[in-house]
Amino acid sequence: MSSPTRPPDDDSYWQRPDPSTDPLDRPEPETPPYPGPPRAEPPPADWRPPTIAHPPPPRTLPPQDMDALDEAEGSARTVTYGVGLVVGAIALVVVCLLCARVVF
């Protein structure tokens, strides 16, 4: 809806339109509705999709040494806990220094 360009004459601008008229003044469609795409012809009876050669089966993985894996996990856990303890000790010292500076 656009704004009026002239002053309204006796509130005719604000009155409801006549319900019997089309509010958008659209013309009736002249073409019939879309019937859809054309039907496809079926393929010949002896048609088959191209066959792809089957790849060879995957190779077997090498066996895993479970004892060596457990030892590596244990040493990794020890390093992780060691780093965590060092960082925690440094954080505790820094917090104590900050608190001491505030109190004293």
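Below, the structure is looked at part by part. (Residues numbered from 1 in each chain as written. Predicted model: local features only at pLDDT ≥ 70, side-chain atom pairs only at ≥ 80, totals over all residues. Heavy atoms only, no water.)

1. A look at the overall build of the protein
In terms of regular secondary structure, the protein is built from one helix and zero strands. When burial is assessed residue by residue, the protein has 0% of its 104 residues classed as buried. For the protein, the accessible area works out to roughly 11300 Å², and carbon and sulfur atoms hold 64% of it. (Helix = DSSP H or I, 4+ residues; strand = E, 2+ residues; numbered from the N terminus. Buried < 20%, exposed > 50% of the residue type's maximum accessible area, 1.4 Å probe, protein only. Areas by Shrake-Rupley, 256 points an atom, 1.4 Å probe, with all protein chains shown as cover.)

2. Quick look at helix α1 (residues 66-103)
Along its 38 residues, α1 runs 55 Å from first to last C-alpha, staying within 8% of the 56 Å computed at 1.5 Å per residue. The buried fraction of α1 is low, at zero of 38 residues. (Expected span 1.5 Å × (residues − 1).)

3. Focus: a nonpolar patch on the surface
Taken together, the side chains of Val 86, Ile 90, Val 94 and Leu 98 present a nonpolar region at the surface, about 370 Å² in accessible area. Locating Val 86 in the fold gives a position in helix α1. (Patch = residues over 30% accessible without salt bridge, like charges linked within 9 Å, V, L, I, M, F, W, Y side chains within 5 Å. Salt bridge = Lys/Arg side-chain N within 4 Å of Asp/Glu carboxyl O.)

4. Digging into the state of the cysteines
If you walk through the whole model with that rule in mind, you get zero disulfides. Summary of cysteine pairing: Cys 96 is not part of a disulfide, and the nearest cysteine sulfur, belonging to Cys 99, is at 6.7 Å. (Disulfide = S-S within 2.5 Å.)

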